[in-house]
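Structural characterization, general
The primary structure of each chain is shown beneath.
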Amino acid sequence: MRTVGSLAAVGAGLLVWVGSTRGAGTAARSTALEGATITGKVKFVGKAPANPTIDMSEEQKCAAKYTTTPREPIVEVNANGALANVFVYVQAGLPADAKYPTPTTAVTIDQSGCLYHPRVFGIMVGQPLDIKNSDGILHNIKAMGKKNRPFNISQPTTMTTTRTFTVSEVMLPFECNVHGWMHAWAGVLPHPFYAATGTDGAFSIKGLPAGTYTLEAWHEKYGTQTATVTVKAGETKVADFTFTAK
Amino acid sequence: MTQAERRVGAWALGVMALLVTYAPGRLAAQDATAGKQVYVKWCLGCHGETGDGKGVAARYMLPRPRDFTGAVYKIRTTASGELPTDADLMRSIDEGLPGTAMPAWKTRLSEGERRNVMAYLKTFSSFFTDTSQHPKALAFSSAPGGGNNAQALTIGRQFYDSIHCRKCHGDQGRGDGPSAPDLKDDPGQPIFAANLHQNWRFRGGPSTEDIYRRLRTGLDGTPMPSFSDLIDKKFLSDEELWRLAQYVRSLSPAEAPEVRDVIHARQVVGALPTSPDDSAWSRVDSYYFPLVGQVIRKPRWFAPAVTGIWVQALHNGTSIAVRLTWDDRSQSPDSSWLKYTTRLLESMADDDSTPTVAGLWPDQVAVQFPQKIPEGMERPYFLMGSTSSPVYQWRWTSAPRRAAAGVAHGIDRFDTLPAASAPAAQAVWDHGQWRVVFERTLATVDTANELQFAVGRAIPVAFFAWDGSNAERGTRMAVSTWYFLALDQPTRPTTFVSPVIAMVVTLGLGVLVVVRAQRRGGAGASARS
């Protein structure tokens with residue numbers, strides 16, 4: 001019996017060793033960043049549609065956080081015509097074999113006032129996503145990946161649950177079924193070259209190696225647009241996007 | 001090592017070898033190529049050639065057939081987001097999914113065929129070929145005892161409230177929660193929260209264990225989330241989750257209702273209970289009848305909300321009272337369900353090609369009798385009679401709240417009788433359930449149109465229901481077939497007296513025999529002395 005046991009131990013050790021050498025191989029290939037930057041603004045032309053109002057009468061705790069009737073932040077345009085919640089990322093142009101270290105810092109998506117904050121965000125493959133419930137009322141978080149496995153978890157109280165994604169997927173939708181108006185989208189990427197616009201419509205993608213890139217800008221209602229940008233090492237270039245009212 | 005120890009050791013090795021061969025999730029040998037033949041013959045009509053769940057019959061079904069390409073499965077023993085194990089897939093194939101169009105294949109296909117088709121449907125999704133995925137069943141504990149005692153159920157109810165089950169399933173569990181009208185599944189089809197009083201329709205099985213597992217794993221692809229994280233976060237304990245499962249189980253009857261063909265209306269003395277919540281009804285036998293969508297006449301209806309109706313009846317020699325109880329998650333018309341109605345109509349827009357605009361429609365129910373009690377077995381056409389053989393009906397609507405009697409000449413023509421002919425009706429909607437009591441005299445003046453109830457006869461009866469918020473109106477309804485109603489005859493006093501007389505006579509004769517025997521014995525004894 002003892003011989004069987006030690007044989008098993010040796011076998012297990014072998015597996016661990018094979019696994020660790022593979023990991024070391026990939027880590028060694030990660031590319032150093034050379035620091036080119038692409039910045040820009042996302043503009044909106046035309047008359048922005050009115051966002052639908054939300055009936056929060058069932059959730060007094062959330063309703064109490066608003067002084068005016070809350071609306072679904074679908075098309076958020078500021079006075080200067082800047083469009084928020086646009087995800088801009090490098091779709092193509094990076095070296096095929098480049099590997100980027102997975103950040104250990106988590107991205108946080110918060111459920112507050114019965115809305116997701118942020119609504120649109122980027123995250124790297126393997127990077128932890130902290131799903132936070134600040135409302136302290138029941139939310140369920142349904143991640144509806146097609147390439148990543150979809151999941152659906154319950155958060156009936158103030159709590160944080162951490163999840164990761166295994167493969168690249170743009171965009172991966174989230175929803176809450178208790179509150180049908182709650183939607184969010186994550187751009188899951190194998191590299192760190194992405195940004196989501198805030199209320200000023202601005203984005204900035206830093207640390208790019210010199211090269212020619214295809215940038216894609218995604219909006220939940222107006223779809224996608226692409227731009228091709230070439231940057232030299234250390235250079236900063238501007239790429240603006242314009243979405244037009246339908 | 002003794003001989004015995006060595007033998008035990010050999011045994012253990014043998015068992016280990018077996019475990020290695022039959023690793024979990026890798027059952028017996030499967031042949032996907034052979035499985036394809038089974039699939040094409042039996043599964044393709046609903047699940048489609050490419051496994052995307054879009055077979056020719058799919059559009060008549062709600063919930064829609066499973067799309068195998070995404071490998072998202074409701075019924076699993078694995079964590080939310082994980083692939084199902086082979087055993088999970090086999091369970092759904094073997095047992096089917098109650099309450100849906102998916103039948104149990106255990107009795108229809110051989111075990112080999114079922115294993116092969118399971119192997120084939122896995123080929124539709126690349127997730128199953130991804131070797132980094134290792135679906136592993138969660139470690140489930142077994143149910144703590146005392147599941148039926150009041151204390152356990154009280155704890156279960158506490159957690160029903162604290163994890164907000166009522167948001168979708170409603171306060172009493174009939175799927176009438178405030179979020180229920182907005183629910184949709186991953187492909188965007190309307191979906192409703194399960195009615196927790198009908199465990200025989202639970203997709204993953206009716207038992208407390210099944211319910212516990214669904215709470216742990218969630219039903220992926222639907223709004224039902226997994227509650228496993230709450231145990232990890234110590235929001236509730238595993239035992240408390242079991243209590244919740246036991247509470248949910250306690251909402252359904254101990255056994256799934258069986259259909260009995262004849263409703264017996266007992267005769268009582270005095271006034272009949274005409275209020276739906278009169279406590280007298282709790283002592284009256286209740287009969288369950290399944291209802292199905294009306295799919296004979298266009299516009300047809302493949303997604304009925306009312307799947308069964310409970311019927312009770314009493315009479316007092318001059319009048320009859322019939323109480324109908326059915327679950328309906330909305331008190332229609334209700335504007336908060338209007339969007340659901342619209343989505344449902346879009347989803348079910350079938351071959352009728354009549355674009356229908358959703359409206360605020362009432363809930364309705366109809367009780368149907370022939371106009372005269374038939375002498376033989378012949379009955380009018382069950383679907384509201386025909387022009388040559390009409391039927392007599394009671395119809396009740398929720399808005400305006402009233403009942404009427406009338407004569408149906410087939411599904412298209414209903415002639416309402418004068419108001420004086422209408423049965424009395426009282427109704428209550430309470431947490432996802434309608435309770436309606438009809439009352440009418442056994443005999444009426446209009447003997448030509450109206451059924452004259454008679455004691456001791458088998459009177460054909462059928463039922464129809466409409467849930468307005470579920471887009472049901474006109475021919476879009478739920479129907480039953482013909483059953484029977486029998487007004488029991490009063491029990492004659494002789495029925496009770498005769499056995500008593502017989503007993504007294506028997507006893508008397510017995511006593512006589514004993515006494516005579518004792519006398520004879522006593523005489524013998526004295527002779528011997």
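Bear in mind the structure is a predicted one, so any value in this text is a computation, not a measurement.

Each helix and strand in chain A was counted, giving two helices and 17 strands. Per-residue burial over chain A gives 46% buried out of 246 residues. In chain A, of all internal contacts separated by at least 6 residues, the share reaching a separation of at least 24 is 64%.

This part is about the layout of surface pockets. Empty space among the atoms can be located by rolling a probe the size of a water molecule over them. What the second largest pocket holds in volume is close to 970 Å³. Lining the second largest pocket are 38 residues, with A:Trp181, B:Pro178, B:Pro181, B:Asp182 and B:Lys339 positioned closest to its centre. Looking at the lining of the second largest pocket, the elements that each hand over two or more residues are α7 (166-169) and α11 (338-348) of chain B. Here the element with the most residues in the lining of the second largest pocket is α11(B); it accounts for three residues.

To continue, consider the sheet that holds strand β3 (residues 107-112) of chain A. Residues and elements named next belong to chain A. On the basis of which strands lie adjacent, the open sheet formed by four strands has the order β4-β3-β6-β9 and mixed pairing. Of all strands in the sheet, those with a lone pairing partner are β4 (115-117) and β9 (159-163), marking the two edges. If you compare each strand with its neighbour and ignore which way they point, the axes differ by 20° on average. As judged from the three bridges shared by β3 and β4, these two strands associate in the antiparallel manner. Counted as the bridge partner of Asp110 is His117 from β4.

Here we come to the side chain of B:Gln189. Residues and elements named next belong to chain B. Among the secondary structure elements, Gln189 is positioned in the loop between α7 and α8 (208-217). Look at Gln189 and you get buried, because its relative accessible area is 17%. Not counting chain neighbours up to four residues away, the residues in contact with Gln189 comprise Leu62, Arg64, Leu183, Lys184, Arg343 and Ser347.

All names here are of chain A. Residues Leu129, Ile131 and Asn133 of strand β6 (residues 129-133) are buried on one face, while the alternating residues Asp130 and Lys132, pointing to the opposite face, are not. As paired elements, β3 and β6 share five bridges and run parallel to each other. By the bridge assignment, Ile109 is partnered in β6 with Ile131. Bridge analysis of β6 against β9 gives five bridges, and the strand direction is antiparallel. Counted as the bridge partner of Lys132 is Thr160 from β9.

Turning our eyes to something else, we now look at the nonpolar core. In this structure, B:Leu324, B:Phe369, B:Trp394, B:Phe453 and B:Leu485 are the most contacted members of the largest nonpolar core, which totals 39 residues. Setting aside anything within four residues of it in sequence, one finds B:Phe369 in contact with B:Val391, B:Tyr392, B:Trp394, B:Leu451, B:Phe453, B:Ile459, B:Pro460, B:Val461, B:Trp482 and B:Leu485. Listed in part, the 37 residues of the second largest apolar core include A:Val42, A:Val88, A:Trp185 and A:Leu208.

Residue and element names in this part refer to chain B. Considering every residue of chain B, the mean pLDDT works out to 91; 90% of them sit at 70 or more. Within the model, the stretch residues 15-26 combines pLDDT values under 50 with three contacts to residues more than four positions away or in other chains. Low pLDDT, under 50, characterises residues 523-529; the stretch is placed with zero contacts to residues that sit more than four places away or in other chains. Complex prediction metrics read pTM 0.85 and ipTM 0.80.

Next up on the list: the pairing of strand β1 (residues 262-267) of chain B. Residues and elements named next belong to chain B. Both β1 and strand β14 (residues 483-487) contribute to a ladder of four bridges, which runs parallel. Bridging from a neighbouring strand, Val262 pairs with Phe484 of β14. When β1 meets strand β4 (residues 308-315), the two strands line up parallel, connected through two bridges. Opposite Arg266, over in β4, you have Leu314 as the bridge partner.

We now examine a nonpolar patch on the surface. Together, B:Val497, B:Ile501, B:Val505, B:Leu509 and B:Leu512 line one region of the surface with nonpolar side chains, adding up to about 460 Å² of accessible area. Among the structural elements, B:Val505 can be located in helix α12 (residues 493-528).

Another aspect to go through is the state of the cysteines. A complete count under the given rule lists one disulfide over all chains for this structure. One disulfide in the model links A:Cys62 with A:Cys114; its S-S distance is 2.1 Å. Around the S-S axis, the bridge from A:Cys62 to A:Cys114 shows a dihedral of about 70° and counts as right-handed. Here A:Cys114 lies in the loop between β3 and β4 and A:Cys62 lies in helix α2 (residues 60-63), a separation of 52 residues in the sequence. The exposure class assigned to A:Cys62 is buried, which follows from its relative accessible area of 1%. For A:Cys114, a relative accessible area of 0% puts it in the buried group. B:Cys43 takes part in no disulfide bond, and the closest cysteine sulfur, belonging to B:Cys46, lies 8.7 Å away. Judged by its relative accessible area of 13%, B:Cys43 is buried.

A few words now on the environment of A:Asn148. Mapped onto the fold, A:Asn148 is located in the loop between β7 (139-143) and β8 (151-155). There is a polar contact of 2.7 Å between the side chain of A:Asn148 and the backbone nitrogen of A:Thr166.

Rules behind the numbers
- Residues numbered from 1 in each chain as written.
- Chains lettered and ligands numbered in written order.
- Predicted model: local features only at pLDDT ≥ 70, side-chain atom pairs only at ≥ 80, totals over all residues.
- Heavy atoms only, no water.
- Helix = DSSP H or I, 4+ residues; strand = E, 2+ residues; numbered from the N terminus.
- Buried < 20%, exposed > 50% of the residue type's maximum accessible area, 1.4 Å probe, protein only.
- Contact = heavy atoms within 4.5 Å.
- 1 Å grid on protein atoms, 1.4 Å probe; cavity = no way out; pocket = protein on both sides within 12 Å on 5 of 7 lines; lining within 4 Å.
- Points joined across faces, edges and corners; volume = space filled by probe spheres on them.
- Pairing = 2+ DSSP bridges.
- Axes fitted to C-alpha atoms, helices over the stretch in contact; angles between N-to-C directions.
- Core = buried A, V, L, I, M, F, W, Y, C linked by side-chain atoms within 4.5 Å.
- pLDDT = per-residue confidence, 0-100.
- Patch = residues over 30% accessible without salt bridge, like charges linked within 9 Å, V, L, I, M, F, W, Y side chains within 5 Å.
- Areas by Shrake-Rupley, 256 points an atom, 1.4 Å probe, with all protein chains shown as cover.
- Salt bridge = Lys/Arg side-chain N within 4 Å of Asp/Glu carboxyl O.
- Disulfide = S-S within 2.5 Å.
- Polar contact = N/O pair within 3.5 Å; in protein donor to acceptor, adjacent residues only side chain to side chain.

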